[in-house]
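Descriptive analysis of the structure
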Amino acid sequence: MASFSREDAFQDSAALSLSDLESLHNFRSRSASFSSTGSSGRLQLRQRVAQLMACVEDISSDDEIHEEVSRTLDEAFLIWGKKLKDKWREFRLHLVTWNVGTASPPPEVTSLLQLNSPGPTMDMYVIGLQEVNSRITNFLSDLAFDDPWSIFFMTVLSPLGYIKLSSVRMQGLLLLIFVKHAHLPFIRDVHTHYTRTGLYGYWGNKGGVTIRMSLYGHTVCFMNCHLPAHMENTEQRLDDFEKILEMQFEGEDVPSTLDHDVLFWFGDLNFRIADYGIHFVRESINNKRYNLLWEKDQLNMAKKKEAFLQEFIEGPLQFKPTYKFDLYSDVYDTREQKSLFWFNEKKRKPAWTDRILWRVKNLCQHASKEGEFSEEEQTISVTLSNYISHMSYGISDHKPVTGTFGLELKPLLSDPLVTLNPEGEWSAEHDVLISYSAVPAFPSSAWDWIGLFKVAFRHVNDYVTYAWVEDDEISSNKDSKQVYMSASEIPDMGGEFLLCYYSNNLQSIVGISQPFQIQPNRTLLEKDLTQEENSWMQKPDNLESHEEF
C-alpha cells in the first residue's frame with residue numbers, strides 16, 4: 001500500500017484551502033464521492049481527514065475559513081452520530097427481588113411491575129423470589145406442575161404479550177424471566193443453574209439460582225441469591241457469594257458468571273446496618289436521613305475492601321430499609337416474638353437486606369487496563385432508570401425492591417435463524433401449510449418442530465398443536481420448505497394465532513411469525529347453531545305444559 005506522507009497532504013491542502021474550503025458545496029460534493037462501502041471507501045475517508053488535519057495546522061490563521069470548516073464538521077458529526085445511533089437498540093428491563101416469606105401471591109402487582117407507567121413498555125421482566133413456600137407437599141406439587149407464583153405472573157403478563165422464557169427453582173429460591181414475543185428469535189443459549197450453600201452446601205435453603213443467555217449476541221446473566229442471615233455473619237455472606245460465583249455453570253460449555261458482558265446480582269443478600277443502635281437507625285429513617293446509615297451498611301463497607309465486589313454497581317439507597325416489617329404494615333417489627341425456651345427475641349434492626357447490583361465486563365476491563373480500551377469495543381451499556389421499594393405490599397416482613405434498567409446495545413444478531421409464515425388463508429375446515437426458511441449455518445434437527453400458539457401463550461409448551469419439520473414436510477427447495485398441519489388439529493373456533501419454530505439443538509424458539517387469523521369451522525358452527533335453535537324451540541312447549549297445572 002502506498003504511503004501517504006505529510007508533504008503529500010500539505011500539497012493537496014493548498015488546493016483544498018483555496019478552492020474547496022472557500023466553496024463548501026464543492027467540498028461536500030467531493031466528500032460524497034467517497035461514500036462507497038468497504039475498505040476502499042474507509043481508506044479514502046482517512047486520506048481526506050489527513051488532508052483536513054494538514055489544513056488546520058498549516059493554513060495561515062483565517063478565522064472565517066476556520067469557522068466555516070468547524071460548522072461543516074459539526075454537521076458531519078451529527079450525521080455520523082445519527083448513523084451510529086440507528087445501529088443501537090434500547091432494551092428496557094424491569095427487575096424484581098422479593099422475599100415473600102412463604103406467602104401466597106398478592107391480589108395484584110400493577111405497581112410492582114409498573115404496568116401503568118408512562119413511556120415505552122418493558123422488553124423483559126426478571127423476577128427473583130426468596131422463601132417461596134417449599135414445604136414437602138408444596139414442593140412435590142410444584143415439581144409436577146407450575147408453582148403458584150409462576151402461574152400468577154404468567155396470568156398477569158401473558159395477555160400483555162410476554163412469554164415465560166425460562167425459570168429455575170431451588171427450594172425457596174425462584175427465578176423467572178418473561179420477555180416480549182418479538183425478542184425470542186434473538187435470545188439464545190439459555191442455561192440455568194443453582195448452587196446450595198446451606199448446611200455446608202448440602203441444603204438449598206440458602207444459595208443462588210442463575211439464568212444466563214445470549215441477548216442479541218451479548219452474554220447476560222441473572223443471579224438471584226439468598227445469603228445467610230444475622231448481623232454477625234458478614235464474612236459468611238461474602239464467602240457464600242464467592243462460592244456461588246465460582247460454581248455457577250462449572251463444567252458447562254458456557255462462560256463463567258464474571259465472563260458475561262453483563263451480570264445482575266440481586267436477592268435477599270441479608271447485609272445489615274452495623275454499629276448504630278436500633279433507636280438511631282429508626283430515627284434516621286423517620287427523618288429520611290438515609291445517608292447517615294449508608295456508611296455503616298455492611299455491603300457498602302465490604303465493597304470498599306473486597307476487590308471482587310468493587311466491580312459491582314448499585315443505585316443510591318433512597319428508600320427506607322426493606323426489612324423487618326410487621327405483616328400488612330409499613331411499621332417496623334413491633335411484635336414480641338418467642339424463641340427457643342420461650343425467651344423473647346430482640347426486635348430486629350431495620351436493614352437494606354434486599355438489593356439489586358450489576359456489573360458490566362468491559363467497564364471492569366477499562367478500569368484495569370486504562371488506555372488500552374477503545375470506545376468501539378463498548379457495545380453494551382447499562383443505565384439505571386429507578387431503584388425503589390414498594391411499601392404497599394405487606395404479605396411478608398420484607399418489602400419488594402425493583403430496578404428499571406435501560407440496556408443500550410449494539411445488536412450483534414440482526415436476523416432470526418428461521419423465518420416462517422402461514423401460507424394463504426387459514427381455516428379450521430381444511431389442511432394448512434407453513435412456509436419457512438433458515439440461514440445456511442442453522443443447526444437443524446429431526447426433532448425440531450413448529451408450534452401453533454395463541455397470541456397470549458404463556459410458555460414454549462403452551463402450544464395448541466405442532467408439526468415436525470421433517471416428518472410433516474411436503475416440499476423443499478434451496479430457498480424455503482413447506483410443512484403441513486391437518487385440519488383436525490386446527491381449533492374449530494378459529495381466532496388469532498402465531499407460529500414458532502423450536503430448535504432442539506439450541507433448546508429455544510429461533511423464529512416467530514406475525515400474528516394471523518384462523519377462520520372458524522363454519523360447518524361446525526352452523527351445526528351448533530341449529531342445535532341451539534332446536535333447544536330454544538322446545539322451551540315454550542315446556543312452559544305451556546307447566547302453565548296448565
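Just above sits the structure.
Residues numbered from 1 in each chain as written. Predicted model: local features only at pLDDT ≥ 70, side-chain atom pairs only at ≥ 80, totals over all residues. Heavy atoms only, no water.

**Digging into the overall build of the protein**
The secondary structure content of the protein amounts to 13 helices and 22 strands. Counting over 549 residues, the protein shows a buried share of 44%. Here the contacts in the protein between residues at least 6 apart in sequence split such that 70% fall between residues at least 24 apart. When the accessible surface of the protein is summed, it comes to about 29,400 Å², and 52% of that surface belongs to carbon and sulfur atoms. (Helix = DSSP H or I, 4+ residues; strand = E, 2+ residues; numbered from the N terminus. Buried < 20%, exposed > 50% of the residue type's maximum accessible area, 1.4 Å probe, protein only. Contact = heavy atoms within 4.5 Å. Areas by Shrake-Rupley, 256 points an atom, 1.4 Å probe, with all protein chains shown as cover.)

**Examining the sheet that holds strand β3 (residues 162-170)**
Read across the open sheet, the six strands follow the order β3-β4-β2-β1-β12-β11; overall the sheet is mixed. Each having just a single partner strand, β3 and β11 (380-389) make up the two edges of the open sheet. Shown here is a sheet whose adjacent strand axes are inclined to one another by a mean of 15°, direction ignored. The pairing of β11 with strand β12 (residues 401-409) spans nine bridges and is classified as antiparallel. Of the residues in β12, the one forming a bridge with L384 is F405. Running at roughly 15° to strand β4 (residues 173-180), helix α6 (residues 148-157) makes contact with β1 (89-99), β2 (124-130), β3 and β4 of the sheet. (Pairing = 2+ DSSP bridges. Axes fitted to C-alpha atoms, helices over the stretch in contact; angles between N-to-C directions.)

**As for the state of the cysteines**
By the definition in use, this model includes zero disulfides. Free of any disulfide, C221 has its nearest cysteine sulfur in C225, 9.8 Å distant. The class of C221 is buried, set by a relative accessible area of 0%. (Disulfide = S-S within 2.5 Å.)

**A look at the side chain of D268**
Along the chain, D268 turns up in strand β8 (residues 262-268). Nearest to the buried, unbridged D268 among oppositely charged side chains is R272, at 6.2 Å. Here N270 takes part through its backbone nitrogen, which lies 3.3 Å from a polar atom of the side chain of D268. Not counting the four nearest positions on each side in its chain, D268 is found in contact with T97, N99, Q130, C225, H226, L227, T353, D354 and H398. (Lys, Arg positive; Asp, Glu negative; His and termini not counted. Salt bridge = Lys/Arg side-chain N within 4 Å of Asp/Glu carboxyl O. Polar contact = N/O pair within 3.5 Å; in protein donor to acceptor, adjacent residues only side chain to side chain.)

**What to know about the sheet that holds strand β15 (residues 432-438)**
With respect to topology, four strands assemble into an open sheet ordered β13-β15-β19-β18, the strand pairing being antiparallel. The open sheet is flanked by β13 (418-423) and β18 (473-476), the only strands paired with a single partner. Here the strands of the sheet are splayed against their neighbours by 25° on average, with no regard to which way each runs. By the bridge criterion, five bridges tie β15 to strand β19 (residues 481-485) in an arrangement that is antiparallel. By the bridge assignment for β19, L433 is matched with Y484.

**Overview of a negative patch on the surface**
On the surface, a cluster of negative charge is made up of E235, D239, E242, E246 and E250. Positionally, E235 belongs in helix α7 (residues 234-247). (Patch = residues over 30% accessible without salt bridge, like charges linked within 9 Å, V, L, I, M, F, W, Y side chains within 5 Å. Charge placed at Lys NZ, Arg CZ, Asp CG, Glu CD.)

**Structural notes on the pattern of salt bridges**
For the coordinates displayed, the defined rule picks out six salt bridges. One salt bridge connects D275 with K296, and the closest N-O pair in it is separated by 2.9 Å. Note that D275 is positioned in the loop between β8 and α8 (278-286) and K296 in the loop between α9 (291-294) and α10 (298-305), a separation of 21 residues in sequence. Here K296 falls in the partly exposed class, since its relative accessible area comes to 22%. Between D297 and R355 there is a salt bridge whose closest N-O contact spans 3.0 Å. Here the residue D297 occupies a position in the loop between α9 and α10, and R355 occupies one in strand β10 (residues 354-360), the gap between them amounting to 58 residues. Given the relative accessible area of 0%, D297 is considered buried. Among the residues examined, R355 registers a relative accessible area of 0% and is labelled buried.

**Regarding α8**
Among all positions in α8, only V281, S284 and I285 are buried. All buried residues of α8 lie within an arc of 100° about the axis, which places them on one face of the element. Exposed residues pointing more than 90 degrees away from the buried face of α8 are listed as H279 and N286. Check the buried side of α8 and you find it contacts α9. (Arc of directions from axis to C-beta.)

**Considerations on the pairing of β2**
Of all the seven residues making up β2, seven are buried; the element is thus mostly covered by neighbouring parts of the structure. Going residue by residue along β2, you find M124, V126, G128 and Q130 tucked away on one face and Y125, I127 and L129 tucked away on the opposite face as well. Strand direction decides the pairing type here: β1 and β2, joined by seven bridges, are parallel. By the bridge assignment, W98 is partnered in β2 with L129.

**Quick word on the packing of aromatic side chains**
Per the counting criterion, the structure on display carries 29 aromatic pairs. Here a set of aromatic residues connected by ring pairs shows up, and it is made of W447, W449, F453, F457, Y463, Y466, W468 and Y502. Its end group placed over the ring of Y162, K180 keeps NZ or CZ at 4.7 Å from the ring centre. Over the face of the ring belonging to F325 we find K399, whose NZ or CZ atom lies 5.1 Å from the ring centre. (Phe/Tyr/Trp six-rings, centres within 6.5 Å; stacked < 30°, edge-to-face > 60°. Lys NZ or Arg CZ within 6 Å of the ring centre and 35° of its normal.)

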